Amino acid sequence: MDILVLAGSPHKQGTSNTLVKEFVRGAKETGHQITIYDCAYGNIHPCLGCDHCGMNGDCVQKDDGNEVLAKLLSADAVVFATPVYYFGMSAQLKVMIDRFYARNGAITRKKMKAALITTAWNDDEVVMKGIKTHFGIIFDYLSFQNRGMILAKGAGTVGMMPERYKKEAYYLGKSI
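Residues numbered from 1 in each chain as written. Predicted model: local features only at pLDDT ≥ 70, side-chain atom pairs only at ≥ 80, totals over all residues. Heavy atoms only, no water.

**Brief notes about the pairing of strand β2 (residues 33–38)**
Along any regular strand the residues' side chains alternate between the sheet's two faces.
So, point 1. Where strand β1 (residues 2–7) meets β2, 6 bridges bridge the pair, whose relative direction is parallel. The residue bridging isoleucine 3 from the neighbouring strand is isoleucine 34, located in β2.
So, point 2. The parallel pair β1 and β2 is bridged by helix α1 (residues 15–29), and the resulting crossover is right-handed. (Pairing = 2+ DSSP bridges. Helix = DSSP H or I, 4+ residues; strand = E, 2+ residues; numbered from the N terminus. Right-handed = clockwise from strand over helix to strand, strands pointing away.)

**Here's the deal with the nonpolar core**
So, point 1. Core analysis: the biggest nonpolar cluster contains 34 residues, and Leu6, Phe80, Phe100, Phe135 and Phe144 have the highest contact counts within it.
So, point 2. Taken together, the elements giving at least two residues each to this core come down to β1, α2 (65–74), β3 (77–83), α3 (91–98), β4 (113–119) and α5 (129–141).
So, point 3. Sort the elements by how many residues they give to this core and α5 lands first, with 4 residues.
So, point 4. In contact with phenylalanine 100, not counting residues within four places along its chain, are Leu6, Leu69, Leu72, Phe80, Ile107, Leu142 and Phe144. (Core = buried A, V, L, I, M, F, W, Y, C linked by side-chain atoms within 4.5 Å. Buried < 20%, exposed > 50% of the residue type's maximum accessible area, 1.4 Å probe, protein only. Contact = heavy atoms within 4.5 Å.)

**Side note on the pattern of salt bridges**
So, point 1. A full pass over the atoms with the stated rule returns 10 salt bridges.
So, point 2. Put simply, arginine 25 and glutamate 22 hold a salt bridge, and the shortest N to O gap is 2.8 Å. A residue pair is termed a helical-turn pair when its members lie 3 or 4 positions apart in one helix, as arginine 25 and glutamate 22 do in helix α1 at 3 residues.
So, point 3. Taking relative accessible area as the criterion, arginine 25 reaches 41% and is therefore assigned partly exposed.
So, point 4. Where lysine 174 meets glutamate 29, a salt bridge forms, and the shortest distance between an N and an O atom there is 3.4 Å. You can see lysine 174 sitting in helix α6 (residues 163–175) and its partner glutamate 29 sitting in helix α1, a full 145 residues away along the chain.
So, point 5. Shared partners join several salt bridges into a network, and the residues in it are Glu22, Arg25, Glu29 and Lys174. (Salt bridge = Lys/Arg side-chain N within 4 Å of Asp/Glu carboxyl O.)

**Digging into the sheet that holds β3**
Two orientations exist for strands paired in a sheet by backbone hydrogen bonds: parallel and antiparallel.
So, point 1. Strand order in the open sheet formed by 5 strands is β2-β1-β3-β4-β5, and the pairing between neighbours is parallel. Looking at the sheet topology across the chains shown, the edges are occupied by β2 and β5 (145–152). The average undirected angle you get between the axes of adjacent strands in this sheet is 15°.
So, point 2. Two elements, β3 and β4, share 7 bridges in a ladder whose sense is parallel. Its bridge partner lying in β4, alanine 81 is registered against isoleucine 117.
So, point 3. The sheet contacts of α1 involve β1, β2, β3, β4 and β5, and relative to β4 the element is tilted by about 145°. (Axes fitted to C-alpha atoms, helices over the stretch in contact; angles between N-to-C directions.)

**Concerning the side chain of threonine 18**
So, point 1. In this structure, threonine 18 sits in helix α1.
So, point 2. For threonine 18, a relative accessible area of 14% translates into the label buried.
So, point 3. The contact partners of threonine 18, leaving out residues within four places of it in the chain, are Gln13, Val158, Met161 and Lys166.

What follows is the structure, given as structure tokens:
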């Protein structure tokens, strides 16, 4: 299976990217092919809402977005990885997801597998409520098959992150 990971953390050695590494390890052991696109360091501009794409074509923006969308459409699964910032995903990941508009119908028709890996400093129940709901809506809207959500609370730094989340990410990679 071809899996596209959209990583949205500006911290290359941070908690969500640490979980991505564990996910990739498990997925590769199972024979999956992985492509990681680093939204935080890529060249992605926000959707302008100009409708040049007509929801079925290339975006007018001349950046990595069209290439990432092509990779998404050739993949069997997509994994979103992000820290929680103000109860939602990082702006870096959100910019790429907004660009899905250019290929909305094609993405929806694929009914591809999807998963979420997210980390937050806080360990209370409120911290993951918004992001879990938001990605639930995205998954439903785009007809993604939800293969799992790792909601790693109390994971503000790699050192403080409970080990169980690394295991969850590894097994998610094996089972996606």
